[in-house]
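# Coordinates in review
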Amino acid sequence: MTERSERTRMPSAPGSLGLAGTPARVQVPRVALPDAPALLSDQDGQVVAATEQAAKLAGHADPSALVGHQLVDLIDREGRETWLRGPQRRAPVRIQTWQHPDDATLQVTLLVDVSDLAEDKPGTEVGPRDSEERYWLIDAQSLAKVASWVYYPDTGEIYRSPLLADFLGAGGAEHADDVTAMISTTHPDDRERAAQFYADVLTAAEGELLEAELRNLHGTRVFLCTGRAEYDRAGQIVRVQGTVQDVTEHRALERQLRDERRRLQDAQRIARLGTWEVDPRTNVMRLSSMLYEILGQPVTTTGTFDRYLDHVHPDDRKWVRQAWRPLVERGAPVEIEHRYLRNGETTRILRIHGTKIVDADGRDLFVGTVQDVTEQRAVVTRMERSSQRFSDLVNITPVGIGLFDHSERIVNANEALCDLLGYRLDQMRGLSIRDITHPEEVDPSLPAPDEHAGIRRRAPQRVMVRADGEPVYCELHTSTSVQDDGTEFWLVVFQDITERRRAAEALRYQATHDDLTGLPNRTAVKELLGRLLGRADSPGIAVLFCDIDNFKRVNDSLGHDAGDELLVALARRLEGGLPVECTAARLSGDEFVIICSDVEASGGVDQLATRVSALLRTAVPVHGQLVRVSSSIGAAVPNGSSSGGEDLLRFADAAMFEAKRRGTGKVSLASPALMAAADRQLHLEGQLREALSNDGLALHYQPVVDAEGTVVSAEALIRWPHPERGMLSPDAFLPVAEQGDLLRELDRWVLRTALREATSWPVRNGRPVSIAVNLAGLVPGGPDFVDSVADIVAETGISWDRVILELVETSLVDLPSRTRHEMGELVSRGVRFAVDDFGTGYSSLARLKDLPAQIIKVDRRFVAGVGGDASDFAVARAVVDMAYAMDRQCVAEGVENATQFRLLRGVGVESYQGWLFSGAVPAPKFREMLANGPLTVP
């Protein structure tokens with residue numbers, strides 16, 4: 001090669017690849033050099049001394065002209081040729097290097113002048129021929145995608161073929177001046193392996209070829225790098241040479257082949273499919289690895305077809321051999337499915353395909369596949385059995401089932417459908433869905449035929465028609481399916497719902513009608529009002545809200561049965577006496593509602609109200625007695641702004657209360673002012689809900705003391721600190737809570753808050769103060785009464801025996817046994833029940849023994865008269881005596897003066913509550929009261 005090679009200077013010690021650091025300069029001693037052209041260099045490759053012959057060879061007059069230069073700057077290499085560079089010319093030389101015998105840190109480089117060998121001989125054309133060979137070599141490397149490199153440890157020079165720079169890529173790699181820089185051009189994940197490769201080359205034995213596979217900087221190309229070191233006779237490395245081959249396409253092809261092979265193996269494994277090959281000349285059968293696995297044989301097994309037959313099920317072996325003959329004798333393709341004994345125990349079902357081919361050498365071969373179809377055959381068997389079971393099930397099921405073709409005509413039907421519709425099967429076939437549907441049905445067709453197969457549809461309830469013309473109510477469950485030949489059909493289940501329809505109508509009637517009177521109930525009223533008010537052409541509508549005057553007196557005096565009898569009699573009067581445009585309904589208790597769809601046809605609101613009032617003002621015989629009743633009536637009509645059904649009921653209800661305030665038997669029409677007041681009441685209900693949700697209510701506590709003034713318990717009394725109206729007493733908002741169905745949630749809040757507060761009260765003389773809570777919505781017999789109380793007690797952590805639940809007398813009379821059992825469960829844990837305001841209900845003293853309560857609270861009206869009314873004193877004394885006789889505790893309410901206190905104490909009352917001791921006070925003041933000790937008693 002005559003063309004100048006790529007040359008770089010490497011500031012590293014001889015014998016390395018540029019991986020070591022540069023050592024420090026050393027002081028050069030005076031040492032002898034050969035009497036010949038020679039250079040002395042240090043560990044950094046810097047010339048520190050030169051002979052006169054070396055200076056003369058380089059074209060210098062003085063050897064000092066060479067001192068200070070780097071050895072790599074003075075010596076050039078071009079392939080196999082080495083040159084000593086001078087100011088005017090270059091001299092061809094051969095070099096020998098060795099360590100100086102007196103100083104191992106110095107290196108002697110002997111320069112042998114070979115000018116006579118390098119001179120061109122007459123008549124020769126060495127230069128051009130060498131240049132042409134170099135270009136041929138470069139082209140060959142490019143075609144083979146192989147680059148070369150040579151490293152000279154003695155001078156640190158590195159030679160790279162032009163193609164290597166292309167391999168290394170952009171980013172300065174083409175200017176890499178040492179091996180370290182070349183390593184940096186490899187992929188970051190491969191650099192450690194690249195450095196190890198170059199280091200291993202320097203320590204490899206002579207002639208040993210090392211290889212490493214590396215990627216370029218961006219990981220887009222893969223190169224196979226080789227390296228080999230050459231040593232001189234002294235065992236020193238003369239040079240290191242190697243190649244870099246682009247194997248990206250080879251590796252990609254190898255990966256593709258591996259992936260294809262893996263995918264084929266995966267496909268065979270999934271399909272449980274193996275391949276085989278038989279040489280008919282040797283009868284040796286070669287199997288794929290998957291087929292070895294299917295057969296349960298080790299891959300080292302060498303088999304023949306006869307050995308394969310040894311594992312075929314004995315019952316199949318003979319005919320399998322016969323089925324194999326067409327392939328052997330005529331080369332005809334065969335397909336065989338038989339049983340195979342795997343490992344001599346497990347029976348598998350194998351499907352064999354075989355055919356004859358001619359290989360590349362012109363020899364006949366039998367090749368084919370073996371597939372394990374055991375699971376497939378099991379599935380087919382299960383499907384066949386399932387199909388048979390389905391057919392049997394269709395035939396014996398008591399529900400009518402019919403198969404319809406694409407034109408909605410009956411193809412087949414079970415016996416139940418024939419019985420349901422009164423046809424024989426031969427009569428049913430060919431009938432369309434319209435032929436068996438009642439003429440009054442609007443759309444008798446089946447679901448549209450473009451539905452996806454397998455999607456189950458439920459058609460609406462329809463009226464079918466029997467062969468004798470009788471209607472049959474059915475529910476049609478329809479789904480599409482596909483027969484074995486791919487034909488789509490409809491599977492329709494006809495479920496007779498005639499009885500269920502009657503039951504549903506009965507349930508619907510019960511849901512929309514009052515059990516006692518048979519009149520429409522609140523649900524029906526809302527539906528009726530919704531229909532009437534939703535019509536654009538609706539005529540005048542009126543709602544009358546009726547409440548029977550003094551109905552509670554009938555219940556109290558004659559009992560609930562008498563009250564029910566009275567309500568039924570009044571309902572019959574309304575049904576028989578109202579105009580046809582009116583509908584009577586019962587909401588609850590003694591409340592009736594009249595809805596008039598055309599008030600003008602009924603003579604107007606006033607005339608209608610008068611007529612209804614007359615119907616409800618009558619004498620009714622009840623339990624052998626003539627009971628005279630009347631009603632208070634409120635009327636409302638849509639006013640344009642609030643025309644909803646709930647609004648009309650609310651306005652009529654408010655008008656009824658207004659009429660009741662004016663006296664019994666009165667009628668009141670909801671005026672704009674009254675409607676506004678009802679709206680305010682509704683607004684107040686919304687505010688109460690918000691206050692309940694945000695803990696916007698408060699509790700005050702009134703003490704209950706014994707005869708010495710010691711507080712034994714406290715009654716929690718609710719207050720509402722209204723942001724606009726100030727502190728509201730219960731009388732102002734409890735009716736709102738009752739009307740808005742909030743009493744239950746209100747009781748929960750009071751119970752939870754009171755019990756939590758009671759846990760922080762101070763305890764004196766080891767006797768904790770009990771806490772009493774009035775319940776109006778959360779009452780025995782209600783849903784989750786026991787669980788609600790138990791959860792709150794557990795949440796607050798208060799002792800069970802400190803909890804007193806107060807209920808009005810009427811809620812504790814005639815309780816079912818289940819409700820009494822629930823109360824008994826709480827009592828067994830320590831809870832006490834108190835009868836509040838005893839003596840004001842319909843109970844007599846004789847019923848005192850039946851009340852499931854431990855505390856009797858004498859009503860304040862009897863207490864107020866004990867000092868001046870002998871009868872009140874007698875009642876109070878009788879209650880106290882009977883309470884003690886029945887082991888009940890007695891509490892006197894409303895004790896206002898010393899006389900009342902002394903008289904009640906004289907008859908044996910143990911506990912007292914009233915303004916004589918203290919009114920209801922906020923929680924902080926009550927805690928202070930407890931801390932101060934007993935209250936003052938007269």
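Residues numbered from 1 in each chain as written. Predicted model: local features only at pLDDT ≥ 70, side-chain atom pairs only at ≥ 80, totals over all residues. Heavy atoms only, no water.

## A few points about the pattern of salt bridges
Spelled out, the test is: Criterion for a salt bridge: a side-chain nitrogen of Lys or Arg within 4 Å of a carboxyl oxygen of Asp or Glu. Buried, partly exposed and exposed residues are distinguished by accessible area as a fraction of the type maximum, computed with a 1.4 Å probe on protein chains only: under 20%, between the cut-offs, and over 50%, respectively.
Going through the model one piece at a time under the given rule, you end up with 44 salt bridges. Of the charged contacts in the structure, one is a salt bridge between Asp 190 and Arg 193, with a shortest N-O distance of 3.0 Å. Here Asp 190 falls in the buried class, since its relative accessible area comes to 2%. Arg 215 is the salt-bridge partner of Asp 190, the closest N and O atoms lying 3.0 Å from each other.

## With respect to the environment of Asp 887
Filter applied, for reference: By definition, any uninterrupted DSSP run of H or I lasting at least four residues is a helix, any uninterrupted run of E lasting at least two residues is a strand, and each is numbered from the N terminus.
Along the chain, Asp 887 falls in the loop between helix H27 (870–885) and strand E37 (889–892). Exposure remark for Asp 887: the relative accessible area of 71% places this residue in the exposed category. Taking C-alpha positions, Asp 887 is 7.8 Å from Gln 854, a pair spaced 33 residues apart along the chain.

## As for the packing of aromatic side chains
So the rule is basically this: In this analysis, rings of Phe, Tyr and Trp, with Trp reduced to its six-membered ring, are considered paired at centre separations within 6.5 Å, and the interplanar angle assigns stacked below 30 degrees, edge-to-face beyond 60, and tilted for intermediate values. Only Lys NZ and Arg CZ are tested; either one counts as a charge over a ring when it is within 6 Å of the ring centre and within 35 degrees of the ring normal.
Under the defined criterion, the tally for this structure stands at 15 aromatic pairs. Each ring, one from Tyr 308 and one from Tyr 340, has its centre 5.5 Å from the other, and the planes form 25 degrees; the classification is stacked. Residue Tyr 308 is found in helix H10 (residues 305–310), and its partner Tyr 340 is found in strand E15 (residues 334–342); the two are separated by 32 residues along the sequence. Judged by its relative accessible area of 7%, Tyr 308 is buried. Members of the aromatic cluster, joined through ring pairs, are Trp 276, Phe 305, Tyr 308, Trp 324 and Tyr 340. One cation-aromatic arrangement involves Arg 90 over Trp 83; the distance from NZ or CZ to the ring centre is 4.4 Å.

## Quick word on the nonpolar core
As a reminder of what qualifies: We define the nonpolar core as a collection of buried residues of types Ala, Val, Leu, Ile, Met, Phe, Trp, Tyr and Cys that are connected through side-chain atoms lying within 4.5 Å of one another. Contact definition: two residues touch when any of their heavy atoms are within 4.5 Å.
Among the nonpolar cores identified, the biggest contains 75 residues, and Tyr 701, Ile 771 and Tyr 912 are the most heavily contacted of them. Here this core gets 8 residues from one element, more than from any other, and that element is helix H23 (residues 743–758). Setting aside its immediate chain neighbours within four residues, Tyr 912 contacts Pro 703, Val 704, Val 705, Asp 706, Ala 707, Ala 892, Val 895, Phe 901, Leu 904, Arg 905 and Phe 917. Membership of the second largest hydrophobic core comes to 32 residues, among which are Leu 544, Phe 592, Val 627 and Val 629.

## Examining the sheet that holds E15
What counts here: Here, a strand pair is defined by DSSP locating no fewer than two bridges between the strands.
Reading across the sheet, the 6 strands line up as E14-E13-E12-E17-E16-E15 and stay open at both edges, with antiparallel pairing between neighbours. On the outer flanks of this sheet lie strand E14 (303–304) and E15, each paired with one strand and no other. Summarising the sheet, strand E16 (residues 346–358) and strand E17 (residues 364–372) pair through 9 bridges and their orientation is antiparallel. Within E17, the position partnered with Gly 354 by the bridge is Gly 368.

## Considering the side chain of Asp 316
Quick note on the threshold: In protein, a polar contact means a hydrogen-donor-capable atom and an acceptor-capable atom, both N or O and within 3.5 Å, with residues adjacent in sequence counting only if both atoms are side-chain atoms; elsewhere, any N or O pair within 3.5 Å suffices.
Inspection of the secondary structure puts Asp 316 in helix H11 (residues 314–330). Residue Asp 316 is classed as buried on the basis of its relative accessible area of 7%. A distance of 3.4 Å separates the side chain of Asp 316 from the side chain of Trp 319, its partner in a polar contact.

## Some words on unusual backbone geometry
In this model, Asp 695 sits at a positive phi of 55 degrees, which is unusual for a non-glycine residue. As for its placement among the helices and strands, Asp 695 is situated in the loop between helix H21 (672–693) and strand E30 (698–705). For Asn 765, which is not glycine, the phi dihedral falls at a positive 55 degrees. Inspection of the secondary structure puts Asn 765 in the loop between H23 and strand E33 (770–774). A relative accessible area of 75% means that Asn 765 is categorised as exposed.

## Examining the sheet that holds strand E29 (residues 667–669)
Quick reminder of the rule: Note on definitions: angles span 0 to 180 degrees between N-to-C directions of axes, and those axes are lines fitted to C-alpha atoms, for helices only across the stretch in contact.
Taken together, 5 strands build an open sheet; the order of strands is E24-E25-E23-E28-E29 and the sheet is mixed. The open sheet terminates on both sides in strands that have one partner only, identified here as strand E24 (582–588) and E29. For this sheet, the mean inter-axis angle between neighbouring strands, taken without regard to orientation, is 20 degrees. Looking at chain direction, strand E23 (residues 542–548) and strand E25 (residues 591–596) are connected through 6 bridges and run antiparallel. Among the inter-strand pairings, Ala 542 is bridged to a residue of E25, identified as Cys 596. This element, helix H16 (residues 522–534), spans E23, E24 and E25 of the sheet and lies at about 140 degrees to E24. Across the sheet, helix H19 (residues 605–616) touches E23, E24, E25, strand E28 (631–636) and E29, and the angle it forms with E23 is around 25 degrees.

## Let's talk about the confidence of the model for the protein
Fine structural detail should not be taken from predicted coordinates in areas where pLDDT scores are low. Just so we agree on the cut-off: The quantity known as pLDDT measures the predictor's confidence residue by residue, on a range of 0 to 100.
Residue-level pLDDT values for the protein average 81, and 85% of them are 70 or greater. Contacts from residues 119–127, a stretch scored under 50 in pLDDT, to residues over four places away or in other chains number 2 contacts. Low confidence marks residues 170–175, where pLDDT is under 50. Its contacts with residues over four positions away, or in another chain, come to 6 contacts.

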